[in-house]
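Structural description and commentary
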Amino acid sequence: EEVILALRDANKEKVSNVVNIVLSHTRVSAKNNLLVEILQAYRPNLPNVGNVAKYFKPSLQILAELEGRATAKVALKARELLIQCAMPSLEERTSQMEHILRSSVLESRYGESGWDHRAPNFDIIKEVVDSKYTVFDVLPQFFVHQDPWVSLAALEVYTRRAYRAYQLTSIDYVTENDTPYVLTWDFSLRKVGESAFGLPIESSHPSTPGTPAEGFARVTSLSDMSYLTRQAQGTEPTRKGAVVPVQYLDEIDEVLMKALEVFPVSGEKEKNGGSLMADLSKRRTPQAPKLESNDDLTAVCNVAVRDAESQDDKEILARLTPIVNEYRDELLSRRVRRLTFICGHKDGTYPGYYTFRGPAYEED
């Protein structure tokens, strides 16, 4: 009321100005939503938007300096876009990523023609694994690639970045059969101060000091704690994970079994080298074993989807749930604790995650 009276005193000859200001202020929430949507449509990390930062940066700096609760949403979005403006465009980072992934799996020798494939070279992909810049908005584009070895390199980068809290004891590549290839790894909970597999203990960001290990115990997630509660004291158990790539959601049903065959069936000895993709017509879903507790489930299975073709969670879940229900007994027989679908998008946004936890395998 005091503000309105002050405006009236300042605009005695033009009362309509006061009315317009008051009406504008009452619709500040709607204008905030409009501005956020406009900023979202012109994100610098969208495909084929060009160098929009060159034109928007001055306006973004003004919006980022807005104070007060009423404009907090717009100011926060403007700061987010300013950070994106400081980075190369999505196309540039995609090109850089492809060059690094290709270099890690291709080798040539002087005097010889052609290229030979090799397992991803960690010394080359370490630059991306340990980068302080965002990676997961670009990486899903390489989950599926015309060169399946490049796809393997992308999956390894994802796994190493996503499993920083764990000790990766080994990483293996299942390439004996037809594509897509499968990446597998053995892991356990990493103690504070213990070096990860090929990764430094300290933070990637030089200004962030590492937490001293002395006198501190590791804080584990609820899922991990429930798994370790009934384990014998001593060394933490080693668990196994696997990830298989697909181009679209429709292809999951065809390749999920390829990843599951990496895990031994409960009660059977693990096959030598993990013989994959037996004739599915001869493999019917085994009868689910009886579990004494959820702690019997140890394996982690991921499906990396290059393009989910949708941003709607309900629509994606409606397509994933029938597949999970179909494989529920198989998941139990392979002792799979978590089945996660990593759903990438073409527009440069972060992938969506849909995790189904055993033994019920319901999305959480």
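Residues numbered from 1 in each chain as written. Predicted model: local features only at pLDDT ≥ 70, side-chain atom pairs only at ≥ 80, totals over all residues. Heavy atoms only, no water.

Details of the overall build of the protein chain
Each helix and strand counted, the protein chain has 12 helices and nine strands in total. Scored against the burial criterion, the 364 residues of the protein chain give a buried share of 41%. Within the protein chain, contacts between residues separated by at least 24 positions form 68% of all contacts whose residues are at least 6 apart in sequence. With the model as given, the accessible surface of the protein chain reaches about 20700 Å², and the carbon-plus-sulfur share is 51%. (Helix = DSSP H or I, 4+ residues; strand = E, 2+ residues; numbered from the N terminus. Buried < 20%, exposed > 50% of the residue type's maximum accessible area, 1.4 Å probe, protein only. Contact = heavy atoms within 4.5 Å. Areas by Shrake-Rupley, 256 points an atom, 1.4 Å probe, with all protein chains shown as cover.)

Observations concerning the pattern of salt bridges
Counted under the stated rule, the structure contains nine salt bridges. Residues R334 and E330 are paired through a salt bridge, measuring 2.8 Å at the closest nitrogen-oxygen approach. Overall, the relative accessible area of 4% leaves E330 in the buried class. As a salt-bridge pair, R357 and D364 come within 2.3 Å of each other at their nearest N and O atoms. (Salt bridge = Lys/Arg side-chain N within 4 Å of Asp/Glu carboxyl O.)

Quick word on the packing of helix α7 (residues 122-129) against helix α8 (residues 148-162)
With their axes 10 Å apart at the nearest point, α7 and α8 run at an angle of 55 degrees to one another. Considered as vectors, α7 and α8 are oriented oblique to each other. Handedness of the α7/α8 crossing: right-handed. Where α7 approaches α8, its residues F122, I125, V128 and V129 are matched on the opposing element by E156, V157, R160 and R161. Of the residues assigned to the contact of α7 with α8, the class counts are five nonpolar, no polar and three charged. (Axes fitted to C-alpha atoms, helices over the stretch in contact; angles between N-to-C directions. Parallel < 35°, antiparallel > 145°, perpendicular 65-115°, else oblique. Left-handed = near helix turned anticlockwise from the far one by under 90°. Nonpolar A, V, L, I, M, F, W, Y, C, P; charged D, E, K, R; others polar.)

Details of a negative patch on the surface
A cluster of acidic residues, E309, D312, D313, E315 and E363, forms a negative patch on the protein surface. When you line up the elements, D313 lands in helix α11 (residues 313-326). (Patch = residues over 30% accessible without salt bridge, like charges linked within 9 Å, V, L, I, M, F, W, Y side chains within 5 Å. Lys, Arg positive; Asp, Glu negative; His and termini not counted. Charge placed at Lys NZ, Arg CZ, Asp CG, Glu CD.)

What to know about the nonpolar core
M97, L101, L139, V157 and W185 are the most contacted members of the largest nonpolar core, which has 37 residues in total. If you list the elements that add at least two residues to this core, you get α6 (90-105), α7, α8, β3 (166-174), β4 (182-189) and β6 (299-305). When residues in this core are grouped by element, the largest group, eight residues, is from α8. Setting aside residues up to four positions removed in sequence, L101 forms contacts with F142, V150, A153, A154 and V157. (Core = buried A, V, L, I, M, F, W, Y, C linked by side-chain atoms within 4.5 Å.)

Some words on unusual backbone geometry
T179 connects to P180 through a cis peptide bond whose omega is 5 degrees. Here P180 shows up in the loop between β3 and β4. For the bond from G358 to P359, the omega torsion is 5 degrees, close enough to zero to count as cis. Locating P359 in the fold gives a position in the loop between β8 (352-357) and β9 (362-363).

Structural notes on a nonpolar patch on the surface
On the surface, a nonpolar cluster with roughly 360 Å² of combined accessible area is contributed by L34, L35, I38 and Y42. Looking at where I38 falls in the secondary structure, it is placed in helix α3 (residues 28-41).

Focus: the sheet that holds β8
Pairing is mixed in the open sheet, where seven strands are placed in the order β3-β4-β5-β6-β7-β8-β9. Each edge of the open sheet carries a strand with a single partner, namely β3 and β9. Sheet topology note: the strand β5 (residues 239-246)/β6 ladder contains six bridges and is parallel. Pairing of V243 across the sheet is with N302, part of β6. Each of β7 (336-343), β8 and β9 touches α11; the most contacted strand, β8, lies at about 35 degrees to it. (Pairing = 2+ DSSP bridges.)

What to know about the side chain of N32
In this fold, N32 is placed in helix α3. A polar side-chain atom of N32 sits 2.4 Å from the main-chain carbonyl oxygen of A70. Not counting residues up to four positions away in its chain, the partners in contact with N32 are A70, T71 and V74. (Polar contact = N/O pair within 3.5 Å; in protein donor to acceptor, adjacent residues only side chain to side chain.)

Let's talk about helix α4 (residues 53-64)
Under the 1.5 Å per step criterion, the end-to-end length of α4 is only 14 Å for 12 residues, more than 12% shorter than the ideal 16 Å. Every buried residue of α4 is accounted for by A53, L60, L63 and A64. Projected down its long axis, α4 carries its buried residues within an arc of 85 degrees, all on one side. Projecting away from the buried face of α4 at angles above 90 degrees are the exposed residues Y55 and I62. Tucked into the core, α4 has its buried residues touching α3 and α5 (72-85). (Expected span 1.5 Å × (residues − 1). Arc of directions from axis to C-beta.)

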